[in-house]
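Remarks on the overall topology
Residue strings, one per chain:
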Amino acid sequence: MKSFWKNDITTLILRLLVVYAVVITLQTAFYMIDKPYLGHIADSAEALSIAKGSFVFNTMSVLWTNCLFILLSILPFRFREKRWYQGMLYVIYLITNIVLILINGADITYFAHTMKRITPEEVLIANNSNSLPILLDFLKYNLPLVIIGLALIALLIYGWHYIKYQPTNIESNKRYYITNSIAALVIAFLCISGMRGTFNPKKPWTKMSDAVAYSPEKTWLTLSNPYCFLRSLDKSTQYDKVNYFSPENIEGIFSTEHKIDSSRCDLGQRNIMVFILESFSKEHSKFLNPELYEPEEDYTPFLDSLMQEGYTFTNAYSNGLKSIEAMPTIFASIPSFKTSFATMPEVFGDFEAMPEILTKQGYETAFFCGSERNSMGFEDQAHLFGLQHCYWKDAFEAAYPVNDSTIEPFWGVYDMPFFQFMADEIDKMQEPFFASVFSLSSHHPYRVPPDYRNEVPRGHTPEQRVVAYTDLALRKFFDRVKGTPWFNNTLFVFVADHVSPICYDPQTYTMKGRTAIIEFLYTPDGSLRGIDSTTVQQLDIMPTVLGLVGNKAPYFAFGRDIFNEPEREPVAFNCINQVYQCITDSTTFYFDSEKVVKSMGNTPTKRKEDFLKAVLQRYSESLTNRSYTPKQN
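Structural notes, computed from the coordinates. (Residues numbered from 1 in each chain as written. Predicted model: local features only at pLDDT ≥ 70, side-chain atom pairs only at ≥ 80, totals over all residues. Heavy atoms only, no water.)

A word on the overall build of the chain. A tally of helices and strands in the chain yields 22 helices and 17 strands. In terms of C-alpha radius of gyration, the chain reaches 27 Å, essentially the compact-globule figure of 26 Å for 633 residues. Projected onto the principal axes, the alpha-carbon positions of the chain cover approximately 95 × 60 × 45 Å. Across the 633 residues in the chain, those meeting the buried criterion constitute 60%. Long-range contacts, defined here as pairs at least 24 residues apart, represent 75% of the contacts in the chain between residues at least 6 apart. Roughly 25,700 Å² of accessible area belongs to the chain as shown, and the carbon and sulfur atoms make up 59% of that amount. Placing the 57 positive and 67 negative side-chain charges of the chain at their respective mean positions leaves the two points 12 Å apart. (Helix = DSSP H or I, 4+ residues; strand = E, 2+ residues; numbered from the N terminus. Rg over C-alpha atoms; globule rule 2.2 N^0.38 Å. Buried < 20%, exposed > 50% of the residue type's maximum accessible area, 1.4 Å probe, protein only. Contact = heavy atoms within 4.5 Å. Areas by Shrake-Rupley, 256 points an atom, 1.4 Å probe, with all protein chains shown as cover. Lys, Arg positive; Asp, Glu negative; His and termini not counted. Charge placed at Lys NZ, Arg CZ, Asp CG, Glu CD.)

Okay, structure coming up:
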């Protein structure tokens, strides 16, 4: 009986249970710290469902992380009993599970900023010189999490030494090898099944999207890393390769081909300036949310004044959750779903994005960003989409003084001085021109330059103070350029890249609210005015702008021309919590690539469900073919 209870296998199981305790502790910390973003667990039924899902995905994380340790622990040979061998297992056990702690710990702080778990995608975009300072800043403000991590590492060490190694006590070599070989096969079968997330050999291994079945709004709580990281290494997770309709049937449901025969709303050839505003959630605007703020409160007073004079969308939504997803969406009208389009190999395809189309029509094009070159891959994207000139932090430093009031230590140039530098450079451009800027001050760690700290309100969240600073920078930019010859003949576009990580309005914490942004158009001559309550998305910017400046050339886009394509339904779609979210004027529903898993408002009709399916199929076709141009070309 002693050999039954104390042997190599039971030692292995007990040591893995310690890892389980570590994972469960980290998951509990994840929920407690990120509860404002995850939301409350509704009832015991939801709690039980999440627990079931967590068991599946935690098991996959533990077994994938420890697969080498498990394999070496079950080899049916007596050298397992050697001291050097157990020392080697200890090192492997400790290193792999410290990695597990680090990834899950990073998830806890990272989730609040992107609403997703860490995957290889984040490694690809975190190659800037500011990555280490930002990480150290995170650690400074998350010392309790650091302490928890160190305590869990200590638990691993203590657990290993407390669970003494007990070799299999069988004297007969023949019986020893037979018994341990059988045990090794049983453990291997159980581990492989656990790594696949199913005991059914005919069923494919469990996907990240399967977590939706346990709780659509708590998908990221149900999931576990490093499973998410490892699973994302599989190229098949980048986009769902779906085929719902025949080529003949899909054409009548959704098409990426756009050809405007006659423009119902044509402002003529104008300059175009696009402001991509970092983290400008809809909730920041008092004009869009008068009920949220006291009469004396206003964090976007200048933008609010422009919204009242321009054409404002009161129900606008982002197509992504991260900055890197904004440029393809806005400039090329191509969304990101489960993986950021900009980080996929399929991004290198045939393009005719808005800047390139405008260049062919005589526009000079430029992109401005106060960060270092190619931060977040922006420089590569700018060239890919046909932008002729790019201006970065180094260009500013060559022309303006560098001090604490112009350069912040994490991302680059503060918005106020950079917008003034941008005004100088735009004055040198030939009309018509297309210029765009990606603001950066309203990004973590939310710093305001010393000379403006007393000029902007503090706000309800850390972001709102910096949002107010960027709003003031926009006001001063307009004060600088409103007397220029090009100003009155310019179409200004304002759009957020995504929603702020930390929210003030409870509605912003919902899945739908997590993508509700500021988006509007402004013409100084007042030729474009109105309030539009229909559903719009970032994808609509390229088609709408091209229509407004009289483009007649066919183009490829997932969005719609708001003014000139009334036959296209107002809709916004994105991927949140590993499910596809589809927002229309009458309903919001969630689709897991096979079925609708949840809906709000009216029950989605088959027509609306087919529309989303057609979008996903067009996306799959375009990425597979690496073609983002109209077929007529």
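Our focus in this paragraph is the packing of aromatic side chains. Inspection of every chain in the model, using the stated rule, returns 61 aromatic pairs. Aromatic pair Phe189 and Phe199: ring centres 6.2 Å apart, planes at 45 degrees, arrangement tilted. With Phe189 in helix α10 (residues 173–196) and Phe199 in the loop between α10 and α11 (219–222), this pair connects stretches of sequence that are ten residues apart. Owing to a relative accessible area of 48%, Phe189 belongs among the partly exposed residues under this scheme. For Phe199, a relative accessible area of 55% puts it in the exposed group. Counting every residue linked through ring pairs, the aromatic cluster contains Phe254, Phe337, Phe341, Phe351, Phe385, Phe556, Phe558, Phe573, Tyr580, Phe611, Tyr619 and Tyr628. The ring of Trp160 carries the charged tip of Arg15 above its face, separated from the ring centre by 3.4 Å. The ring centre of Tyr176 lies 4.0 Å from the NZ or CZ of Arg78, which sits over that ring. (Phe/Tyr/Trp six-rings, centres within 6.5 Å; stacked < 30°, edge-to-face > 60°. Lys NZ or Arg CZ within 6 Å of the ring centre and 35° of its normal.)

Before going further, it helps to spend a moment on the pattern of salt bridges. Should the charged atoms of two oppositely charged side chains come close, the side chains can pair. In this structure the tally under the stated criterion is 22 salt bridges. A salt bridge links Arg373 to Asp394; the nearest nitrogen and oxygen atoms lie 2.8 Å apart. One end of the pair, Arg373, is in the loop between β5 (364–369) and α17 (378–384); the other, Asp394, is in helix α18 (residues 393–399), and 21 residues separate them in sequence. Here Asp424 makes a salt bridge to Arg480, at a shortest N to O gap of 2.8 Å. With Asp424 in helix α19 (residues 415–427) and Arg480 in helix α20 (residues 462–481), the pair connects residues that are 56 residues apart, well separated along the chain. For Asp424, a relative accessible area of 26% gives the class partly exposed. (Salt bridge = Lys/Arg side-chain N within 4 Å of Asp/Glu carboxyl O.)

Examined against the element boundaries, Thr461 turns out to sit in the loop between β7 (433–438) and α20. Not counting residues within four places of it along the chain, the set of residues in contact with Thr461 comprises Ile502, Cys503 and Tyr504.

Once that is clear, we can look at the packing of helix α4 (residues 44–65) against α10. Across the interface, α4 lies against α10 with an axial gap of 7 Å and an inter-helix angle of 125 degrees. By the criterion of interaxial angle, the relationship of α4 to α10 is oblique. Between α4 and α10 lies a crossing whose hand is left-handed. On the side of α4, the interface is formed by Thr59, Met60, Leu63 and Trp64, while α10 contributes Cys191, Gly194, Met195 and Arg196. Taken together, the residues of the contact of α4 with α10 break down into five nonpolar, two polar and one charged. (Axes fitted to C-alpha atoms, helices over the stretch in contact; angles between N-to-C directions. Parallel < 35°, antiparallel > 145°, perpendicular 65-115°, else oblique. Left-handed = near helix turned anticlockwise from the far one by under 90°. Nonpolar A, V, L, I, M, F, W, Y, C, P; charged D, E, K, R; others polar.)

Counting buried positions over the seven residues of strand β2 (residues 271–277) gives seven, a clear majority of the element. In the sheet, β2 pairs with strand β8 (residues 490–496) via seven bridges, with the strands oriented parallel. By the bridge assignment, Met273 is partnered in β8 with Phe492. By the bridge criterion, five bridges tie β2 to β7 in an arrangement that is parallel. By the bridge assignment for β7, Val274 is matched with Ser436. (Pairing = 2+ DSSP bridges.)

Judged by pairing direction, the sheet is antiparallel, and its four strands sit side by side in the order β13-β14-β15-β16 without closing on themselves. Pairing within the sheet leaves two strands with one partner each, and these edge strands are β13 (571–576) and β16 (596–601). Taking the axes of each pair of neighbouring strands and ignoring which way they run, one obtains an average angle of 15 degrees across the sheet. As paired strands, strand β15 (residues 587–591) and β16 are joined by five bridges and run antiparallel to one another. Pairing of Thr587 across the sheet is with Gly601, part of β16. On the sheet, helix α22 (residues 606–625) packs against β13, β14 (579–584), β15 and β16 and is oriented at approximately 50 degrees with respect to β15.

On to the nonpolar core. Ranked by size, the top nonpolar core spans 130 residues in total, and within it Phe275, Phe367, Phe477 and Phe494 carry the most contacts. Broken down by element, this core gets its largest block of residues, ten residues, from α20. Among residues more than four places away in sequence, those in contact with Phe477 are Met273, Phe275, Phe419, Gln420, Met422, Ala423, Ile426 and Trp486. Counting 31 residues, the second-largest nonpolar core is a separate cluster that includes Val62, Leu63, Ile70 and Leu152. (Core = buried A, V, L, I, M, F, W, Y, C linked by side-chain atoms within 4.5 Å.)

With respect to the element layout, Thr300 can be found in the loop between β2 and α14 (301–309). Thr300 sits in the buried class, given a relative accessible area of 0%. If sequence neighbours within four positions are ignored, Thr300 has contacts with Phe280, His284, Ser285, Lys286, Val467 and Asp471.

Taken N-terminus to C-terminus, the directions of helix α2 (residues 8–33) and helix α9 (residues 143–162) make an angle of 170 degrees; their axes are 9 Å apart at the nearest point. Comparing the axis directions of α2 and α9 gives the class roughly antiparallel. When α2 is examined against α9, the residues Arg15, Val18, Val19, Val22, Thr25, Leu26 and Ile33 are found in contact with a partner set consisting of Leu145, Leu152, Leu155, Leu156, Gly159 and Trp160. Considering only residue class, the contact of α2 with α9 consists of ten nonpolar, two polar and one charged.

So, on to the pairing of β7. Every regular strand shows the same layout, with side chains that alternate between the two sheet faces. The buried fraction of β7 is high, at six of six residues. Of the two faces of β7, the one holding Phe433, Ala435 and Val437 and the one holding Phe434, Ser436 and Phe438 are both buried throughout. As judged from the six bridges shared by β5 and β7, these two strands associate in the parallel manner. Paired with Ala366 across the strands is Ala435, a residue of β7.

The grouping of Ile178, Ile182, Val186, Phe189, Leu190 and Phe199 at the surface amounts to a nonpolar patch, some 590 Å² of accessible area in total. Looking at where Ile178 falls in the secondary structure, it is placed in helix α10. (Patch = residues over 30% accessible without salt bridge, like charges linked within 9 Å, V, L, I, M, F, W, Y side chains within 5 Å.)

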